[in-house]
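Each chain, letter by letter, is given below.
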Amino acid sequence: MKAICTGVLLALVLCTAMVAKTDEKNVPAKVVSALTSKYPKAHHVKWDKEKGNKYEATFRDADRKHSILFEADGTIVETEVSIPVEELPETVRQYVAKNYRSQNITEAAKITDIAGVVTYEAEVGGKDLLFDVSGNPLPGSR
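All figures in this text were calculated on a predicted structure; none of them were measured in a lab.

(A) Just the packing of aromatic side chains, in detail. Evaluated as defined, the whole model comprises 3 aromatic pairs. Both rings, one in Tyr 95 and one in Phe 131, keep their centres 5.4 Å apart while their planes meet at 75°; by these two values the pair is edge-to-face. Taken as a pair, Tyr 95 in helix α3 (residues 90–99) and Phe 131 in strand β8 (residues 127–132) lie far apart in primary sequence, 36 residues in all. Comparing Tyr 95 with Phe 131, the two get one shared label, buried.

(B) Main features of the nonpolar core. Counting residues in each nonpolar core, the largest one holds 14 residues, and the members touching the most others are Leu 88, Val 96 and Phe 131. Within the residue set of this core, elements represented by two or more residues are α3, β6 (105–113), β7 (118–124) and β8. Top element by residues in this core is β7. It accounts for 4 residues. In this structure, Leu 88 is in contact with Ile 83, Arg 93, Ile 105, Ala 108, Tyr 120, Glu 121 and Ala 122, ignoring residues within four places of it in sequence. In terms of nonpolar packing, the next biggest core, distinct from the first, is built from 12 residues, Val 27, Val 31, Phe 59 and Ile 68 among them.

(C) How the structure looks around the pairing of strand β5 (residues 76–82). Sheet topology places strand β4 (residues 64–71) next to β5; 5 bridges connect them, and they run antiparallel. What sits directly across from His 66, in β5, is Val 81. A loop of 4 residues connects β4 with β5, the two strands running antiparallel in sequence, and Gly 74 in this loop sits at a positive phi of about 95°. In this sheet, β6 lies alongside β5 in antiparallel orientation, the contact comprising 5 bridges. Within β6, the position partnered with Glu 78 by the bridge is Asp 113.

(D) How the structure looks around the side chain of Glu 121. Following the sequence through the fold, Glu 121 ends up in strand β7. It turns out Glu 121 is buried and unbridged, and the closest side chain with the opposite charge, Lys 65, is 8.4 Å from it. Discounting residues that sit within four places of it in the chain, Glu 121 has contacts with Glu 80, Leu 88, Glu 107, Ala 108, Ala 109, Ile 111, Asp 128, Leu 129 and Leu 130.

(E) Seen up close, the environment of Leu 88. Looking at the secondary structure, you find Leu 88 in the loop between β5 and α3. Since its relative accessible area comes to 2%, Leu 88 is described here as buried. As for Leu 88 and Gly 135, which are separated by 47 residues in sequence, their C-alpha atoms are 8.0 Å apart.

(F) Molecular detail of the layout of surface pockets. Taken as a whole, the largest pocket encloses approximately 330 Å³ of empty space. What lines the largest pocket is a set of 17 residues, among which Lys 65, Glu 80, Glu 107, Ala 109 and Glu 121 lie closest to the centre. Only β4, β5, β6 and β7 provide two or more residues apiece to the lining of the largest pocket. Looking at the lining of the largest pocket, the element that brings in the most residues is β6, giving 4 residues. Of the residues assigned to the lining of the largest pocket, the class counts are 6 nonpolar, 4 polar and 7 charged.

Each value, and the rule that gives it
- Residues numbered from 1 in each chain as written.
- Predicted model: local features only at pLDDT ≥ 70, side-chain atom pairs only at ≥ 80, totals over all residues.
- Heavy atoms only, no water.
- Phe/Tyr/Trp six-rings, centres within 6.5 Å; stacked < 30°, edge-to-face > 60°.
- Helix = DSSP H or I, 4+ residues; strand = E, 2+ residues; numbered from the N terminus.
- Buried < 20%, exposed > 50% of the residue type's maximum accessible area, 1.4 Å probe, protein only.
- Core = buried A, V, L, I, M, F, W, Y, C linked by side-chain atoms within 4.5 Å.
- Contact = heavy atoms within 4.5 Å.
- Pairing = 2+ DSSP bridges.
- Lys, Arg positive; Asp, Glu negative; His and termini not counted.
- Salt bridge = Lys/Arg side-chain N within 4 Å of Asp/Glu carboxyl O.
- 1 Å grid on protein atoms, 1.4 Å probe; cavity = no way out; pocket = protein on both sides within 12 Å on 5 of 7 lines; lining within 4 Å.
- Points joined across faces, edges and corners; volume = space filled by probe spheres on them.
- Nonpolar A, V, L, I, M, F, W, Y, C, P; charged D, E, K, R; others polar.

Here it is, written out as C-alpha cells:
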C-alpha cells in the first residue's frame with residue numbers, strides 16, 4: 001500500500017512539473033498579443049506554461065470553452081474548443097454507446113492542430129477518448 005501511495009504522489013508531482021500555472025505578466029508579449037488579436041472577446045484567461053516552452057491559454061468566448069496552445073513566438077500550435085455532444089460525429093457517439101454501455105459522454109471538444117488536422121475528444125468516465133475527423137478511435141482510445 002505504501003508503494004502505491006508513493007507512486008500516486010510521484011505521478012502528481014510529475015504532472016505538476018510539466019504544466020505550471022503562470023500569471024499573464026510572465027507570458028511573452030507575442031503570445032498575449034496573438035491571443036488578443038485572434039480572440040478579442042476572450043475573458044478570464046488562465047495561463048499555463050507547458051513543457052517545451054509553450055503556453056496554454058484557457059478561456060470562455062461566448063458559450064464555449066477554449067484552450068489554445070502557443071509557441072513562445074505567438075504561433076498557435078493547437079486549438080481545442082468545447083462542443084455540444086451532438087456535434088461529435090455520429091460514429092463517435094456510436095462507438096461510445098457500444099464500448100461504454102453504462103456511461104455517457106460528459107464533455108466533447110474539437111481539436112485542430114497547426115497543420116489543420118481535426119480530431120475529436122469525448123470524455124467518458126473521466127477518460128479522454130480521441131477520434132479522427134471521421135470518428136474512428138485513435139490509439140489509446142480503445
